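Fold and geometry: a report
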Amino acid sequence: MAIDYGRRAIGVAVADELGITVRPLTTIRCQRMNRQQVLERIAQLVAENETGTLVVGLPLRADGTRGEAALRVEKFIGELQVLLTIPVVACNEFLSSREADEILRASGADFKTRRARSDEYAATVILRDYLDAHSISSGVDHSADLPHD
């Protein structure tokens with residue numbers, strides 16, 4: 001499972017058991033939730049989807065350095081690590097939101113749909129990139145795996 005963390009919305013994506021296919025799952029809207037409720041919702045999704053590893057997109061700058069947003073995400077990762085019993089790992093999410101928007105545009109999604117689903121599609125890009133980076137030895141390629149609905 002992967003998440004694209006944001007203060008207003010958190011996109012969530014999942015992979016199949018073998019880590020071959022990835023798909024968007026949901027977007028957690030944070031406006032009406034406190035921090036603990038957000039963490040508990042993620043824990044619930046982890047349990048429901050029998051997640052073995054939680055990948056969290058880390059928004060590094062173009063030069064690879066950490067800015068304020070990356071520091072916020074690292075703090076969030078620390079909170080998740082305390083709550084969950086599975087590994088919580090960071091994965092560079094550079095340009096994932098842009099790629100998610102391109103995928104949604106290519107699928108013919110209108111502006112409202114793109115705005116509503118962009119976070120979960122960004123999580124899908126993050127998860128695909130993580131799986132690609134960790135499946136080199138298996139020869140699995142996830143580059144054509146993103147849904148186009």
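Fair warning: this is a prediction, and the values are worked out from it, not measured in the lab.

1. Overview of the pairing of strand β2 (residues 9–15)
The buried fraction of β2 amounts to 6 of the 7 residues, a majority that puts the element mostly inside the structure. Where strand β1 (residues 2–4) and β2 come together, 3 bridges link them in antiparallel fashion. Across the sheet, the residue bridging to A2 is A13, located in β2. Counted along the chain from β1 to the antiparallel partner β2, the turn is 4 residues long. Two elements, β2 and strand β3 (residues 22–29), share 7 bridges in a ladder whose sense is antiparallel.

2. Observations regarding the nonpolar core
With 26 residues, the main nonpolar core has I3, I10, I42, L54, F76 and L80 as its most contacted residues. Put simply, the parts of the chain that give this core at least two residues each are β2, α1 (35–48), β4 (54–58) and α2 (68–83). For this core, the leading source of residues is α1, giving 6 residues. In this structure I10 touches I3, D4, Y5, T26, T27, I28, C30, V38, I42, F76 and D119, once residues within four positions along its chain are discounted. The next biggest cluster of nonpolar side chains, apart from the first, holds 10 residues, and it includes A13, V22, C91 and L127.

3. With respect to the pairing of strand β5 (residues 88–92)
Bridge count between β4 and β5: 5 bridges; the pairing is parallel. Looking across to β5, one finds that V55 is bridged to V89. Read as a crossover between parallel neighbours, the route from β4 over α2 to β5 is right-handed.

Conventions we followed
- Residues numbered from 1 in each chain as written.
- Predicted model: local features only at pLDDT ≥ 70, side-chain atom pairs only at ≥ 80, totals over all residues.
- Heavy atoms only, no water.
- Buried < 20%, exposed > 50% of the residue type's maximum accessible area, 1.4 Å probe, protein only.
- Helix = DSSP H or I, 4+ residues; strand = E, 2+ residues; numbered from the N terminus.
- Pairing = 2+ DSSP bridges.
- Core = buried A, V, L, I, M, F, W, Y, C linked by side-chain atoms within 4.5 Å.
- Contact = heavy atoms within 4.5 Å.
- Right-handed = clockwise from strand over helix to strand, strands pointing away.

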